[in-house]
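Descriptive analysis of the structure
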Number of protein chains: 2
Amino acid sequence: MSTSRNHPYHHGNLRQALLEAALVILEREGEAGLALRDLARAVGVSPAAPYRHFDGKAALLEALAVTGFQRFTARMEDVAKAGFDDPMAAMGKTYVLFALENANLFRLMFSPRLRKNGRPGLRMAADAAFDTLRHIAGADVRAAGRIKALAAWARVHGLAVLLLDGQIALRAGEDTEALIAEIVGGL
Amino acid sequence: MSTSRNHPYHHGNLRQALLEAALVILEREGEAGLALRDLARAVGVSPAAPYRHFDGKAALLEALAVTGFQRFTARMEDVAKAGFDDPMAAMGKTYVLFALENANLFRLMFSPRLRKNGRPGLRMAADAAFDTLRHIAGADVRAAGRIKALAAWARVHGLAVLLLDGQIALRAGEDTEALIAEIVGGL
DNA sequence: ACCTGAACACCGTTCAAGT
DNA sequence: ACCTGAACACCGTTCAAGT
């Protein structure tokens, strides 16, 4: 999109354009395949231009990860509003499906390299997301206690990353979504 | 080690020296911080020398990950031989502790970038490791069925990566190992 | 057989300079 | 205020050439 070949860029919302293009490249190539120079090229701008909008590559990735947590939270709130019979199972399934549908973004959201970077934005976005989760899960979880809540989270998150990393072998004709429902059922 | 300043390297077991130095750098700097050129420098050899022993950086990382799965398997077999009251809980605890003690190696073992690379070595090492796990878990797991086994695996693996990524907040004065035991208990 | 030196095509980042 | 051009210090990888 926005392949205006008139006068290059010069102004417009470069920050947003970079984020959008970065998300596309991220999902297609993975974090390692996302080069700032390529990104600048894709958006039609010089290699130095992104530095007017982001402190560096890490800052851009962090911004991407923050939007990831926001989308994730929005998806979870939709589930809560829909009101399923088994809210915990519905949340778990949505959690795992979000990971599979946004594989590289999900990985980026939990990237230890970004956490190390010290910028508080990502930590805050993650905390907000998990607070929402706790809120949605509500009374059931509080009654069950912290250990059970952590165990449930670990099960769902573990299923997400094992599927993401191709570690769980599907049987012939087996449906991923059905398998998720089975494993996540009875939380 | 091996800082012989006589005649540079010329021969000796360069392959093994590279792997050993790579593991040290990996754990200290993470996968992103492991540069082939730095590694060659650290071992006292030219940037091109590693290519006589590995097809490229990916092949070296894969070899590292394979040794990771072998160490992991060995640890699990030790647990089986020790014979605990609750073998499943002991296995789970060992699984998570291995991840925490070999953080970047563990991450590398499950790196999707390496899986994509097509070399079968890593897949085979991983399969062998999980076969060993199934064998150790034994009759209990077979009786419980595949879904329960996958759910248990997901819980343990999820706990490992959530702790690794610093997502689980410890309470004041709380012991990591005790928390692991609680979450992994009753598998 | 194993390693070096130099080169190639890339990176991320910085900084003067342009508009 | 926002962007370019050129530079710097790095990468991974290749390849002729050395021993």
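Quantities reported herein were computed from a predicted structural model and do not represent experimental measurements.

A few points about the protein's contact with DNA strand D
Taken together, 20 residues are adjacent to DNA strand D, and S46 and H53 of chain A together with L36, R37 and Y51 of chain B come closest. Contact distances for DNA strand D include 2.7 Å between a base nitrogen and a side-chain N or O atom of R37 of chain B. Tallied by class, the residues present in the surface near DNA strand D amount to 10 nonpolar, 4 polar and 6 charged.

A look at the protein's contact with DNA strand C
Surveying the vicinity of DNA strand C reveals 20 residues, the closest of which are L36, R37 and Y51 of chain A together with S46 and H53 of chain B. Backbone atoms, meaning sugar plus phosphate, form 50% of the atoms of DNA strand C positioned within 4 Å of the protein. In this structure, Y51 of chain A approaches DNA strand C through a side-chain N or O atom, which is 2.8 Å from a phosphate oxygen. Grouping the constituent residues of the surface near DNA strand C by class yields 10 nonpolar, 4 polar and 6 charged.

Focus: the pattern of salt bridges
Opposite charge on two side chains makes pairing possible when the charged atoms of those side chains draw close. Residue and element names in this part refer to chain A. Within this structure, the stated rule accounts for 22 salt bridges over all chains. In this structure, D55 engages R119 in a salt bridge whose closest nitrogen and oxygen atoms are separated by 3.3 Å. Here D55 is found in the loop between α2 (36-43) and α3 (57-82), whereas its partner R119 is found in the loop between α6 (112-116) and α7 (120-137), with 64 residues between them in sequence. Overall, the relative accessible area of 65% leaves D55 in the exposed class.

A few points about helix α3 (residues 57-82) of chain B
If you check α3 of chain B, its first and last C-alpha atoms are 38 Å apart, about what 26 residues at 1.5 Å a residue would give, namely 38 Å. Phi turns positive one or two residues past the end of α3 of chain B, at G83 of chain B, with a value near 70 degrees.

Digging into the relation of the copies chain B and chain A
Of the two same-sequence chains, chain B is brought onto chain A (RMSD 0.0 Å, axial shift 0.0 Å) by a rotation of 180 degrees. Read as a symmetry element, the transformation amounts to a two-fold axis. A symmetric contact is evident, with 100% of the interface residues of chain B recurring at the interface of chain A.

Quick word on the interface of chain B and chain A
Contacts between the two partners involve 32 residues from chain B, matched on the other side by 32 residues from chain A. Interface area for chain B against chain A, summed over the two sides, is near 2,700 Å², with a carbon-plus-sulfur share of 64%. Our count for the contact surface shared by chain B and chain A stands at 2 salt bridges. The partner of E174 of chain A in a salt bridge is R146 of chain B, and the shortest N-O contact between them spans 2.9 Å. Remark: the boundary between chain B and chain A carries 10 residue pairs in polar contact (both at pLDDT 80 or more). Of all elements in the fold, only α6 (112-116), α7 (120-137), α9 (146-164) and α10 (176-184) of chain B reach the threshold of two or more residues within the side of chain B that touches chain A. The element contributing the most residues to the side of chain B that touches chain A is α9 of chain B, with 12 residues. When grouped by side-chain class, the residues that make up the side of chain B that touches chain A number 18 nonpolar, 4 polar and 10 charged.

Here we look at the packing of helix α4 (residues 87-101) of chain B against α9 of chain B
Residues and elements named next belong to chain B. Packing of α4 against α9 leaves a shortest axis separation of 9 Å and a crossing angle of 30 degrees. For the element pair α4 / α9, the angle class is roughly parallel. Taken as a pair, α4 and α9 cross one another with a handedness that is right-handed. Along the contact surface, α4 presents M88, G92, Y95, V96, A99 and L100, while α9 presents A152, W153, V156, H157, L159, A160, L163 and L164.

Here's the deal with the domain arrangement of chain A
Residue and element names in this part refer to chain A. Here chain A is partitioned into domain 1 (1-54) and domain 2 (64-184). When the buried area of domain 1 at its contact with domain 2 is split by residue, L23, E27 and E31 rank highest and sum to 63% of it. In this structure, the connection of domain 1 to domain 2 is made through 1 salt bridge. At the boundary of domain 1 and domain 2, one finds 4 residue pairs in polar contact (both at pLDDT 80 or more). In the side of domain 1 that touches domain 2, the residues fall into 5 nonpolar, 1 polar and 3 charged.

Things to note about helix α1 (residues 14-29) of chain A
Residue and element names in this part refer to chain A. Taking 1.5 Å as the rise per residue, α1 with 16 residues should run 22 Å; its terminal C-alpha atoms sit 22 Å apart, in good agreement. Those residues of α1 that fall on the buried side of the exposure criterion are L14, A17, L18, L19, A21, A22, L23, I25 and L26. Each element contacted by the buried residues of α1 is listed here: α2, α3 and α5 (103-109). Of the residues flanking the end of α1, it is G30, one or two places downstream, whose phi is positive at about 85 degrees.

Brief notes about the packing of aromatic side chains
Taken as a whole and judged by the stated rule, the model has 16 aromatic pairs over all chains. Judged by centre distance (4.9 Å) and plane angle (50 degrees), the ring pair of F106 of chain B and F110 of chain B falls under tilted. You'll find F106 of chain B and F110 of chain B in the same group, each marked buried. Their ring planes at 35 degrees and their centres at 6.3 Å tell us that F110 of chain B and F130 of chain B sit as a pair that is tilted. A residue pair is termed long-range when its members are at least 10 positions apart, and F110 of chain B in the loop between α5 (103-109) and α6 and F130 of chain B in helix α7 qualify at 20 residues. You can call F130 of chain B buried: its relative accessible area is 6%. What links up through ring pairs into an aromatic cluster is the set F69, F72, Y95, F98, F106, F110, F130 and W153 of chain A.

Rules of the game
- Residues numbered from 1 in each chain as written.
- Chains lettered and ligands numbered in written order.
- Predicted model: local features only at pLDDT ≥ 70, side-chain atom pairs only at ≥ 80, totals over all residues.
- Heavy atoms only, no water.
- Near = heavy atom within 4 Å.
- Polar contact = N/O pair within 3.5 Å; in protein donor to acceptor, adjacent residues only side chain to side chain.
- Nonpolar A, V, L, I, M, F, W, Y, C, P; charged D, E, K, R; others polar.
- Salt bridge = Lys/Arg side-chain N within 4 Å of Asp/Glu carboxyl O.
- Helix = DSSP H or I, 4+ residues; strand = E, 2+ residues; numbered from the N terminus.
- Buried < 20%, exposed > 50% of the residue type's maximum accessible area, 1.4 Å probe, protein only.
- Expected span 1.5 Å × (residues − 1).
- Least-squares fit on C-alpha atoms with pLDDT ≥ 70 in both.
- Contact = heavy atoms within 4.5 Å.
- Buried area = accessible area lost by both parts, 1.4 Å probe.
- Axes fitted to C-alpha atoms, helices over the stretch in contact; angles between N-to-C directions.
- Parallel < 35°, antiparallel > 145°, perpendicular 65-115°, else oblique.
- Left-handed = near helix turned anticlockwise from the far one by under 90°.
- Domains from an automatic or database assignment.
- Phe/Tyr/Trp six-rings, centres within 6.5 Å; stacked < 30°, edge-to-face > 60°.

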